[in-house]
Amino acid sequence: MMNDILVVGCKLPFGVHLDLDGKRVTLNGAMKSENGEVGLTQLPKDFWESWLAKHQDFAPVTTGHIFAAKSQKKAIAEGKEKGDLKTGLEPVDPKTLPKGTEQIEAGQTT
């Protein structure tokens, strides 16, 4: 039944493994998405709810980087709503390096 499946969104770039009772599910990360915003993975609702009950304090869950929706459309919409949510794993912009940091070229030695 389609109601027994949820779509789990993951804004972490490389995804994450969810382990529960000897089973492992790998969530697709943002780098596996078409738009780079949120990776989508279909999961059985009972697996997600059981995993979430045991890991409700997991930082990516509490910060909203991992979330579940009833449909792909809703998961994509929620991912877009969280577009400004940073993971801390974003690429560094070389034009805005922190003070005291400088860019070096490939092969350059100090």
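A short tour of the structure in this document, coming up. (Residues numbered from 1 in each chain as written. Predicted model: local features only at pLDDT ≥ 70, side-chain atom pairs only at ≥ 80, totals over all residues. Heavy atoms only, no water.)

Okay, the sheet that holds strand E1 (residues 5-10) next. Pairing between the strands of a sheet comes from backbone hydrogen bonds, and it takes one of two forms, parallel or antiparallel. An order of E4-E1-E5 is seen for the 3 strands of this open sheet, with the pairing classed as antiparallel. Each end of this open sheet is capped by a strand with a single partner; those strands are strand E4 (39-44) and strand E5 (66-69). Along the sheet, successive strands turn relative to each other by an average axial angle of 30°, direction set aside. Here E1 runs beside E4; their pairing, made up of 6 bridges, is antiparallel. Along E4, the bridge assignment pairs Val7 with Gln42. Running over the sheet, helix H1 (residues 45-54) touches E1, E4 and E5 and is turned about 100° from E4. Sheet strands in contact with helix H3 (residues 72-81) are E1, E4 and E5, and its direction is about 145° off that of E5. (Pairing = 2+ DSSP bridges. Helix = DSSP H or I, 4+ residues; strand = E, 2+ residues; numbered from the N terminus. Axes fitted to C-alpha atoms, helices over the stretch in contact; angles between N-to-C directions. Contact = heavy atoms within 4.5 Å.)

This part takes up the packing of aromatic side chains. This structure, assessed with the given rule, holds 2 aromatic pairs. Note on Trp48 and Trp51: the rings are 5.6 Å apart at their centroids and 25° apart in plane angle, and the pair reads as stacked. With Trp48 and Trp51 both in helix H1 and 3 residues apart, this pair spans about one turn of that helix. Side by side, Trp48 and Trp51 carry an identical accessibility label, which is buried. Ring geometry for Trp51 against Phe58: centres 6.0 Å apart, planes inclined by 85°, an arrangement best described as edge-to-face. By relative accessible area, Trp51 is classed as buried at 3%. The exposure class assigned to Phe58 is partly exposed, which follows from its relative accessible area of 31%. Of the aromatic side chains, those joined through ring pairs into one cluster are Trp48, Trp51 and Phe58. (Phe/Tyr/Trp six-rings, centres within 6.5 Å; stacked < 30°, edge-to-face > 60°. Buried < 20%, exposed > 50% of the residue type's maximum accessible area, 1.4 Å probe, protein only.)

Time to look at unusual backbone geometry. Of note, Asp21 is a non-glycine position whose phi angle comes to about 50°, a positive value. Mapped onto the secondary structure, Asp21 falls in the loop between strand E2 (16-20) and strand E3 (23-27).

Before going further, it helps to examine the environment of Val7. Relative to the helices and strands, Val7 is located in strand E1. A residue is classified by how much of its surface remains accessible, and Val7, at 6% relative accessible area, is buried. With 41 residues separating them in the primary sequence, Val7 and Trp48 have C-alpha atoms 9.6 Å apart. Contact partners of Val7, with chain neighbours within four places excluded, come to Leu40, Thr41, Gln42, Phe67, Ala68, Ala69, Ser71, Gln72 and Ala75.

From the geometry alone we can't say anything about function, so treat these as descriptive.
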